[in-house]
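One-letter residues, chain by chain:
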Amino acid sequence: MQPDPQDHQDFIHSEEFLQGLMKRQLRLSIACAMAFLLLLLGLPLLNYFAPSFMAQRIGGFTLSWLVLGVLFFPYVWIIARWFITRSMALENAEVKFAEENQQKNS
Amino acid sequence: MDFSQINPWILALSSITVVITIWMGFRSAKTSKSASDFFVAGRSVSVGWNASAISGEYLSAASFMGIAGMVMSAGYDALWYPVCYACGYLFLLLFIAGPLRRFGAYTIPDFAEGRFDSPLFRRIAVCFVLFIGFFYTMPQMKGAGVTLSYILPGLPYWVGVVVVGAVITLNVALGGMKGITLVQAVQYWIKMFAISLPIFVLLSVYGGYGKNLSLNDAAAPPAIERSVDAGEHARKPLPEKAPKDEQWLEPFGPLTTKAAKAAGLSQEESRPLSLIYTYSLIIALVCGTAGLPHILVRFYTNPDGVAAKKTTMWVMILIGIFYVFPPVFGVLGRNFMPELYNATGSKGPDKVVLELPTLLGKGNILGSVLSGITCAGAFAAFMSTFSGLLVSMTSAVAHDIYGRMLKPDSTPAQRMRMFKIAAIVVGGLAMLLGTQVELLDINFMVGQAFAIAAASYFPLLFMSAWWRGMTMRGAATGMLGGGILALACVTLTSVSDIIAKNGQAAALKAGTTWSPNALSIFWQENPLLRILAEQPAIWTVPTAILLMIIVSKATRSQVPSDARMKMLVLHAPEALGLKQEYIQEQQGHGH
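Residues numbered from 1 in each chain as written. Chains lettered and ligands numbered in written order. Predicted model: local features only at pLDDT ≥ 70, side-chain atom pairs only at ≥ 80, totals over all residues.

Q: Which residues make up the overall build of chain A, and what are the values?
A: When its secondary structure is counted, chain A shows 3 helices and 2 strands. Evaluated residue by residue, chain A yields a buried proportion of 29% over its 106 residues. Across chain A, every contact between residues at least 6 apart in sequence was considered, and the portion connecting residues at least 24 apart equals 69%. (Helix = DSSP H or I, 4+ residues; strand = E, 2+ residues; numbered from the N terminus. Buried ≥ 20, exposed ≤ 12 C-beta atoms within 10 Å, placed from the backbone. Contact = placed C-beta atoms within 7 Å.)

Shown next as structure tokens:
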């Protein structure tokens, strides 16, 4: 049955649903951001503390140049791809979860 | 004007790009009928088109020409620019794209008002859209003026600005958002083609990317001796002005150590300062990308949130691939066109993208054609970015200032007419500003726009989407505080640099030595402060967020009463239909 739009006592409008929803979304976003920041903020540190390691040559590139100028892009694509798959799955699960609870309460 | 210097291929291919742009604008003008077509392309742009259009809009003159020039002159450190330009989108995807799209509003000011129920905040946000927009159009206009005078030697700078500005203004006025979506999508592919094809040809002649990088080796004997075994395409000797191999190839090179060098610090002392510079640059570029208003508005042109996410994914792939290429121009330019190091401004490394294909030989048709292709790409670059900016600024004027503030009861037809008038007014103003900035550096202006966006819009969007306790006062204080601090710092360093440069040039002319003013001396004595002022993001972004938290806590009683409902609309899956319910309620309560 359709809930009354003015009635905010149902599950979808509950504090519990919103908090769970935001927490799950934020957790996913932060996990992906961490993977990204690890390389983004870690690379300058590696350059700083291990300069000779980062200066070794691989096919003409220095390791540092290869990572930043070429490999960084596919790395970010993988994170983005993973995030999109996971967040779409999360949304579908949320819809299902909300509808189940909605029916239970009504 | 000397017509004999004009390369017919360059002229022809550039003209074709312009003609295609105008033709497509006219064509789509016939199909753009409703107000919604004008503002957000009817929200029905497919993922592929929209991703190409966002990418086309994003890759500006700075990306197309500036990065190659910067890699050539500064080496490794400049690589952070393309990487962060591309990867800032990930932040947008992770934290901002989804919630913003679900909330569903035409523009950022719509979001600002909707989230905090405050018409006042809308006005503040509109001002920022226009402000950042004009800052960002000026470098595009300069790119247009410079490229046109490269193609047609002797043409005054302002003619290029006016011609390109007029073409785009006409296009936007005729077709609105839907018109430029198509044009920008095509322009992305023109740019991609123009940057990649010459590279493939040049690399096949001059050896691979890695091989060219390996020519930069401090341990190896000088270039002249090396040429014996390097075969026919040996690297040319570097002029005095060029950075040495080691500094150029390794991190913490000329770009990030400038302030420390000026202070006379040793290599060891300057390294921590370069690290701070690098981090601050990363924060400015990543957060600035996530906060650029003309990019954000495009998320609303997706039919739903899933499409918005898919679009971001494709944008990252499209611009990621693009950004691999400009540094290759820089590397090849260093090896084979080192004479560019001796010139500055538009005649220096900045034009390496336009000039490099002529390496294949003066009379060589292939070289001329490729040079023509890169010029066409440069045209596509500043034209598409300018049209995107013009749409978002025109929307701000027609939709926010006229439609919401001046005449809320206007009919859709009136608003559409206003859109056209506003496009012409804003376009004209942008052209006027563009003619005034010939002497300013393109990167200086782009940097200002990014620094302001990073410290104002990014904290606003990020915090409003994820923290329920935000109040209008908190949001406005943080946004204005961060934005103004960033603007003040960047302007201060840039203006003092311009004064110093002009002073040095004047002293050189007069044959005297330049005596630095108080500010220049202060910068020399305090390299750390100089870095924090030149790249302020490392402290302005946290300051903005902190201000938002403190002021919001202090004004806790003003948290919007329906904050829970707003957060639900921002975060709950669209399938639950909370958005429609929210709109009904707002109308029910007489909003």
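That was the structure; now back to the text.
Q: For the overall build of chain B, give the residues involved together with the corresponding values.
A: What chain B contains, in helices and strands, is 25 helices and 0 strands. Out of the 591 residues in chain B, the part that is buried amounts to 56%.

Q: Give me helix α3 (residues 47-58) of chain B: which residues, what numbers.
A: All names here are of chain B. Taking 1.5 Å per residue as the helical rise, α3 with its 12 residues ought to reach 16 Å, and the 16 Å between its terminal C-alpha atoms agrees with that figure. Most of α3 sits out of view: 9 of its 12 residues are buried. Among all positions in α3, only Asn50, Ala51, Ser52, Ala53, Ile54, Ser55, Gly56, Glu57 and Tyr58 are buried. (Expected span 1.5 Å × (residues − 1).)

Q: Report on the interface of chain A and chain B, specifying residues and quantitative values.
A: Between chain A and chain B, the contact holds 44 residues from the first and 42 residues from the second. Put simply, the parts of the chain that give the side of chain A that touches chain B at least two residues each are α1 (15-49), β2 (61-62) and α3 (63-105) of chain A. Examining the composition of the side of chain A that touches chain B, we find that 20 residues originate from one element, α3 of chain A, more than from any other. Across the side of chain A that touches chain B, the residue classes break down as 29 nonpolar, 10 polar and 5 charged. (Nonpolar A, V, L, I, M, F, W, Y, C, P; charged D, E, K, R; others polar.)

Q: Tell me what's going on with the packing of helix α7 (residues 119-151) of chain B against helix α18 (residues 412-436) of chain B, and back it up with residues and numbers.
A: All names here are of chain B. Contact pair α7 / α18: the axes reach a minimum separation of 8 Å and the direction vectors enclose 65°. Here α7 and α18 pass one another in a crossing that is right-handed. Facing Phe134, Thr137, Met138, Met141, Lys142 and Gly145 of α7, the residues of α18 in contact are Ala430, Met431, Leu433 and Gly434. Of the residues assigned to the contact of α7 with α18, the class counts are 6 nonpolar, 3 polar and 1 charged. (Axes fitted to C-alpha atoms, helices over the stretch in contact; angles between N-to-C directions. Left-handed = near helix turned anticlockwise from the far one by under 90°.)

Q: Can you lay out the environment of Trp80 of chain B for me, pointing to particular residues and giving the numbers?
A: Examined against the element boundaries, Trp80 of chain B turns out to sit in helix α5 (residues 80-103). Discounting residues that sit within four places of it in the chain, Trp80 of chain B has contacts with Thr278, Leu281, Ile282 and Leu285 of chain B.

Q: Residues and numbers for the nonpolar core, please.
A: One finds Leu90, Leu285, Leu390 and Ala454 of chain B to be the most contacted residues of the largest nonpolar core, which totals 204 residues. The residues touching Leu390 of chain B, leaving out its near neighbours within four places in the chain, are Ile168, Thr169, Val172, Ala423, Val426, Gly427 and Ala430 of chain B. (Core = buried A, V, L, I, M, F, W, Y, C linked by C-beta atoms within 7 Å.)

Q: How would you summarise the confidence of the model for chain B if you had to cite specific residues and measurements?
A: Detailed reading of the predicted coordinates is not advisable wherever pLDDT falls low. Residue and element names in this part refer to chain B. Looking at chain B as a whole, the pLDDT averages 81, with 87% of positions reaching at least 70. Here helix α10 (residues 223-230) stands out as the element of chain B with the lowest mean pLDDT, 42, in contrast to helix α23 (residues 537-554), whose mean of 95 is the highest. Contacts from residues 221-231, a stretch scored under 50 in pLDDT, to residues over four places away or in other chains number 8 contacts. Model confidence for the complex: the whole-complex pTM is 0.86, and ipTM, which rates the interface, is 0.88. (pLDDT = per-residue confidence, 0-100.)

Q: If you had to explain unusual backbone geometry to someone new, which residues and values would you point to?
A: Residues and elements named next belong to chain B. Unusually for a residue other than glycine, Asp117 sits at a positive phi of about 50°. Tracing the sequence through the fold places Asp117 in the loop between α6 (108-116) and α7. Here Phe252, not a glycine, exhibits a phi torsion of approximately 60°, which is positive. Along the chain, Phe252 falls in the loop between α11 (245-249) and α12 (254-262). Taking the C-beta count within 10 Å as the criterion, Phe252 has 24 such neighbours and is therefore assigned buried.

Q: Would you mind going over the environment of Trp248 of chain B in detail, with residue names and values included?
A: Summarising the element assignment, Trp248 of chain B is placed in helix α11. Discounting chain neighbours no more than four positions away, the residues touching Trp248 of chain B are Gly75, Asn216, Pro243 and Gly253 of chain B.

Q: Give me the confidence of the model for chain A: which residues, what numbers.
A: Per-residue confidence for chain A averages 85 on the pLDDT scale, and 90% of its residues sit at or above 70. Note on residues 1-6 of chain A: pLDDT is under 50 here. Beyond four places in sequence and across chains, it has 6 contacts.

Q: If you had to explain the packing of α1 of chain A against helix α24 (residues 563-571) of chain B to someone new, which residues and values would you point to?
A: Axis angle and axis distance: for two packed helices, these are the angle between their axes and the distance between the axes, and together they describe the pair. Following both chains from N to C, one finds α1 of chain A and α24 of chain B inclined at 45°, their axes separated by 10 Å at the closest point. Put simply, α1 of chain A runs oblique to α24 of chain B. In this structure, α1 of chain A crosses over α24 of chain B, and the sense of that crossing is left-handed. Contacts between α1 of chain A and α24 of chain B involve Glu15, Leu18, Leu21, Met22 and Gln25 of chain A from the former and Arg564, Met567, Leu568 and His571 of chain B from the latter. Its residues placed into classes, the contact of α1 of chain A with α24 of chain B shows 5 nonpolar, 2 polar and 2 charged. (Parallel < 35°, antiparallel > 145°, perpendicular 65-115°, else oblique.)

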